[in-house]
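Okay, here's what each chain looks like letter by letter:
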Amino acid sequence: MTEVINVGRVAVLFGGSSAERDVSLKSGAEVLKALQEGGVDAFGIDAGSDLAARLIAEQPDRVFIALHGRGGEDGSLQGLLENLKLPYTGSGVLASALGMDKLRTKLVWQGLDLPTPAYAVLRDRSDCAAIVERLGLPLIVKPIHEGSSIGMAKVTSLDELEQAWTEARRYDDCALVEQWMTGREFTVAILDGKALPAIGLQTTHTFYDYHAKYVANDTRYLLPCGLSTEQEHQLADLCLRAFDAVGCRGWGRVDVMQDGAGNFQLLEVNTVPGMTDHSLVPMAAKAAGMTFTELVLAILASARY
């Protein structure tokens, strides 16, 4: 079991006001329970507008971030904690902000010749026809600054793209539109510079959407993932390179799909992945021989600012 020495009093931050609040509440509850079971003096804070004042009043020695989405995963919280000189889990300010921005993450990966699906930025309904002409159909539409598949949609026609744009605008000023990948989907958790066993994802839904991630009981998680040993090594290496390229540290997760030719294509990086009973990082850790409590303690041990 991971030995945690002199971690002091630990604040677990969860909830918040982002579109991923419900998931964050569940993640935070699981993390808090595990820390307490592991002998850590931990307490929870539902992060609101008074968060800075609460942290100053409580004076924790470390902070475990279980806040997903904006306000928790985008660098703003990390900046606050650094100003308060509080060690925290996960990536720093720059990597958090970059990882939350799907477009700029792709630009970094492209600059390093890392594979990622062809895409366009949809800023106005009038751009839809040109995007369909350039990328073809089907396509996947994603708000640039959301996680948990919120606001995402597969489209097979110009009309559907325009409808998806309207939905994505609820969450963001512009949307990322990518070529649809027809191959298998995988996710690779990263912990302390090492890739945990890859998980293959199979769902009866059109894609691995919010319901498939957090509600459905028919989503299949393949461990082993179904790749050959050589392919799994290739996937792990690619995900570590993608994680490092964004500047991430501590822990996180990289999502990947295969294209029609079987080549791996990077989708996104998650700097504060879910930690619920449906979440992927705990599954990968279990496959590597770690209990949930050991995983949480390992993440906490890497906290810094």
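Residues numbered from 1 in each chain as written. Predicted model: local features only at pLDDT ≥ 70, side-chain atom pairs only at ≥ 80, totals over all residues. Heavy atoms only, no water.

A. Seen up close, the domain arrangement of the protein. For the protein, the domain assignment lists domain 1 (10–90), domain 2 (99–115 + 182–298) and domain 3 (119–179). Each partner contributes to the interface: domain 1 provides 4 residues, whereas domain 3 provides 7 residues. On the domain 1 side of the contact with domain 3, Ala 19, Glu 20 and Arg 70 bury the most area, a combined 92% of that side's loss. When the shortest N-O distance is used, the salt bridge between Asp 172 and Arg 70 registers 3.5 Å. Taken together, the links from domain 1 to domain 3 amount to 2 residue pairs in polar contact (both at pLDDT 80 or more). (Domains from an automatic or database assignment. Contact = heavy atoms within 4.5 Å. Buried area = accessible area lost by both parts, 1.4 Å probe. Salt bridge = Lys/Arg side-chain N within 4 Å of Asp/Glu carboxyl O. Polar contact = N/O pair within 3.5 Å; in protein donor to acceptor, adjacent residues only side chain to side chain.)

B. Structural context of the pattern of salt bridges. Tallied over the full model, the rule gives 10 salt bridges. Between Arg 21 and Asp 46 there is a salt bridge whose closest N-O contact spans 2.8 Å. Separated by 25 residues along the polypeptide, Arg 21 in helix α1 (residues 21–37) and Asp 46 in strand β2 (residues 41–46) bring together distant segments of the chain. A relative accessible area of 30% places Asp 46 in the partly exposed class. Among the ionic pairs, Arg 125 bridges to Glu 162, the shortest N-O distance being 4.0 Å. Placement of Arg 125 in the loop between β4 (119–122) and α6 (128–135) and of Glu 162 in helix α7 (residues 158–168) is noted, with a sequence separation of 37 residues between them. (Helix = DSSP H or I, 4+ residues; strand = E, 2+ residues; numbered from the N terminus. Buried < 20%, exposed > 50% of the residue type's maximum accessible area, 1.4 Å probe, protein only.)

C. Spatial organisation of the pairing of strand β7 (residues 175–179). Taking burial as the measure, the 5 residues of β7 include 4 buried ones, the bulk of the element. Summarising the sheet, β4 and β7 pair through 4 bridges and their orientation is antiparallel. From the neighbouring strand, Ala 120 faces β7, where its bridge partner is Val 177. In the sheet, strand β5 (residues 139–143) pairs with β7 via 5 bridges, with the strands oriented antiparallel. Residue Val 141 lies in a different strand from β7, and its bridge partner there is Val 177. (Pairing = 2+ DSSP bridges.)

D. Just the packing of aromatic side chains, in detail. Inspection of the entire model under this criterion finds 2 aromatic pairs. Measuring from centroid to centroid gives 6.2 Å for Phe 186 and Phe 264, while their planes differ by 80°, and the two rings are edge-to-face. Of this pair, Phe 186 sits in strand β8 (residues 185–191) while Phe 264 sits in strand β13 (residues 264–270); the two residues are 78 residues apart in sequence, bridging distant segments of the chain. Owing to a relative accessible area of 1%, Phe 186 belongs among the buried residues under this scheme. For the cation-ring pair, Lys 154 lies above Trp 180, with the distance from its terminal atom to the ring centre recorded as 4.3 Å. (Phe/Tyr/Trp six-rings, centres within 6.5 Å; stacked < 30°, edge-to-face > 60°. Lys NZ or Arg CZ within 6 Å of the ring centre and 35° of its normal.)

E. Broad picture of the UniProt feature "binding site: Mg(2+) 1" (unreviewed entry) in the protein. Per the UniProt record, the feature "binding site: Mg(2+) 1" (unreviewed entry) sits at Asp 255 and Glu 268. Structurally, the position occupied by Asp 255 is in strand β12 (residues 251–258). A relative accessible area of 8% places Asp 255 in the buried class. Every residue in contact with Asp 255, bar those within four places of it in the chain, is listed here: Phe 186, Thr 187, Gln 265, Leu 266, Leu 267, Glu 268 and Asn 270. Within the structure, the side chain of Asp 255 is placed 3.1 Å from the side chain of Arg 253, a separation counted as a polar contact. Within the fold, Glu 268 resides in strand β13. Those residues within four positions of Glu 268 in sequence are excluded, and the remaining contacts are Lys 102, Trp 109, Arg 253, Val 254 and Asp 255. (UniProt positions renumbered as here; feature names shortened; annotations may be inferred.)

F. Inspection of the sheet that holds strand β3 (residues 62–65) at higher detail. Pairing within the open sheet is parallel, and its 3 strands lie in the order β2-β1-β3. Because the sheet does not close on itself, it has two edges, and the strands there are β2 and β3. The mean angle between the axes of side-by-side strands here comes to 25°, regardless of whether they run parallel or antiparallel. Sheet analysis places strand β1 (residues 9–14) next to β2, joined by 6 bridges and oriented parallel. Its bridge partner being in β2, Leu 13 is matched across the sheet by Ile 45. (Axes fitted to C-alpha atoms, helices over the stretch in contact; angles between N-to-C directions.)

G. Representation of the pairing of strand β10 (residues 199–202) in the model. Direction of pairing for β8 relative to β10: antiparallel, over a ladder of 3 bridges. Its bridge partner lying in β10, Glu 185 is registered against Leu 201. Judged from the 3 bridges that link them, β10 and strand β11 (residues 220–222) form a sheet pairing that is antiparallel. Across the sheet, Gln 202 pairs through a bridge with Arg 220, a residue of β11.

H. Layout of the environment of Gly 99. Within the secondary structure layout, Gly 99 lies in helix α4 (residues 93–100). With 55 residues separating them in the primary sequence, Gly 99 and Gly 44 have C-alpha atoms 25 Å apart. Apart from the residues within four sequence positions on either side, Gly 99 is in contact with Thr 105, Val 246 and Val 269.

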